[in-house]
Amino acid sequence: MSMIGKKLPEFKADYYQAGELKQLTHEDVLGKWAVFFFYPADFTFVCPTELADLADHYEKLQELGCEVYSVSTDTHFVHMAWAKESPSIQKVQYKMIGDPTGQLARYFDVMNEAEGSAQRGSFVIDPEGVIQALEIHADGIGRNADELVRKVEAAQFVAEHGDQVCPARWHKGAETLKPGKDLVGTI
């Protein structure tokens, strides 16, 4: 089943953010754009590079009206300990969700059952809680937050301008396409 168009499930999850431990529900996510950023585990190798890269782009995503939620099957307590120890994770200001039961990882179809951890999956979710874009990588392949920002911008553009689409390598402010018979065979 395709994840595109799938709606965020009802959930409750504990998270760590900037020295605080709190709880999040699906209702807290609705009403603005969101990125759910799954990764295998805390205290690993590729994961801190990805989370630090995302931290470097967090302000830009917030300017776009987008909140970021990183998720692993570690607990929120482990996230807190990791943030105290790792210089890369100390940069993280977004919510770090603990998903020790794998509830969210299974819903988003990124649970690696054999390992008991999440795969590297990024999901762009609109304010109504509907998945608009996603990518999933093998554990050894890190993601690029620049591309994630571009996907959020493209999803927002398409949501606002339903009669236009964003071509390959589109960036905010670039020319878009208006599908119709006049474009057939001319691109």
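By the naming in an unreviewed UniProt entry, the chain is Alkyl hydroperoxide reductase C, taken from Negativicoccus succinicivorans. A UniProt comment under Subcellular location (unreviewed entry) is attached to the chain, and it reads "Cytoplasm".

Draft legend 1. Seen up close, the packing of aromatic side chains. For the structure on display, the rule yields 11 aromatic pairs. Between Tyr 107 and Phe 108 the ring centres are 5.5 Å apart and the planes differ by 85 degrees, which places this aromatic pair in the edge-to-face class. Exposure remark for Phe 108: the relative accessible area of 1% places this residue in the buried category. Members of the aromatic cluster, connected to one another through ring pairs, are Phe 11, Phe 36, Phe 38, Tyr 69, Tyr 107, Phe 108 and Phe 123. Note that Arg 143 overlies the ring of Phe 37, its terminal NZ or CZ placed 3.7 Å from the centroid.

Draft legend 2. Up close: the sheet that holds strand S2 (residues 20-25). In spatial order, the strands read S2-S1-S5-S4-S3-S8-S9; together these 7 strands make up an open sheet with mixed pairing. A single partner strand is all that each edge strand has here, and the edge strands are S2 and strand S9 (131-137). Pairs of neighbouring strands in the sheet enclose a mean axial angle of 25 degrees, with direction left out of account. The sheet contact formed by strand S3 (residues 33-38) and strand S4 (residues 66-72) spans 6 bridges and is parallel. The partner of Phe 37 across the bridge, within S4, is Ser 70. Seen against the sheet, helix H2 (residues 46-63) touches strand S1 (12-17), S3, S4, strand S5 (95-98) and strand S8 (120-125) and runs at an angle of roughly 165 degrees to S4. Against the sheet, helix H6 (residues 145-160) makes contact with S3, S4, S8 and S9, and its axis sits at roughly 145 degrees relative to S3, the strand it touches most.

Draft legend 3. Spotlight on the UniProt feature "active site" (unreviewed entry) in the chain. UniProt feature "active site" (unreviewed entry): in the numbering of this structure it lies at Cys 47. Look past the residues within four positions of Cys 47 in its chain and what remains in contact with it is Tyr 39, Pro 40, Ala 41, Trp 82 and Arg 120.

Draft legend 4. Spotlight on the pairing of S4. The buried fraction of S4 is high, at 7 of 7 residues. By the alternation rule, side chains of S4 split into Cys 66, Val 68, Ser 70 and Ser 72 and Glu 67, Tyr 69 and Val 71, which are all buried. One crossover worth recording links S3 to the parallel S4 by way of H2, and it is right-handed. Sheet analysis places S4 next to S5, joined by 4 bridges and oriented parallel. Paired with Val 71 across the two strands is Ile 97, which belongs to S5.

Draft legend 5. Representation of the environment of Asp 109 in the model. Relative to the helices and strands, Asp 109 is located in the loop between helix H5 (103-107) and strand S6 (111-112). Judged by relative accessible area, Asp 109 falls into the exposed class, the value being 55%. It is 8.9 Å that separates the C-alpha atoms of Asp 109 and Gln 119, two residues lying 10 residues apart in sequence. Sequence-distant contacts of Asp 109, that is, excluding residues within four places in its chain, are made with Met 3, Gln 119 and Ile 136.

Draft legend 6. How the structure looks around unusual backbone geometry. In this structure, Phe 43 is a non-glycine residue whose phi angle is positive, near 55 degrees. With respect to the element layout, Phe 43 can be found in the loop between S3 and H2. For Asp 109, which is not a glycine, the phi torsion comes out positive at approximately 60 degrees.

Draft legend 7. Quick peek at the side chain of Asp 42. Positionally, Asp 42 belongs in the loop between S3 and H2. For the buried residue Asp 42, which engages in no salt bridge, the nearest side chain bearing the opposite charge is Arg 120, 9.8 Å off.

Reading the values: the criteria
- Residues numbered from 1 in each chain as written.
- Predicted model: local features only at pLDDT ≥ 70, side-chain atom pairs only at ≥ 80, totals over all residues.
- Heavy atoms only, no water.
- UniProt positions renumbered as here; feature names shortened; annotations may be inferred.
- Phe/Tyr/Trp six-rings, centres within 6.5 Å; stacked < 30°, edge-to-face > 60°.
- Buried < 20%, exposed > 50% of the residue type's maximum accessible area, 1.4 Å probe, protein only.
- Lys NZ or Arg CZ within 6 Å of the ring centre and 35° of its normal.
- Pairing = 2+ DSSP bridges.
- Helix = DSSP H or I, 4+ residues; strand = E, 2+ residues; numbered from the N terminus.
- Axes fitted to C-alpha atoms, helices over the stretch in contact; angles between N-to-C directions.
- Contact = heavy atoms within 4.5 Å.
- Right-handed = clockwise from strand over helix to strand, strands pointing away.
- Lys, Arg positive; Asp, Glu negative; His and termini not counted.
- Salt bridge = Lys/Arg side-chain N within 4 Å of Asp/Glu carboxyl O.

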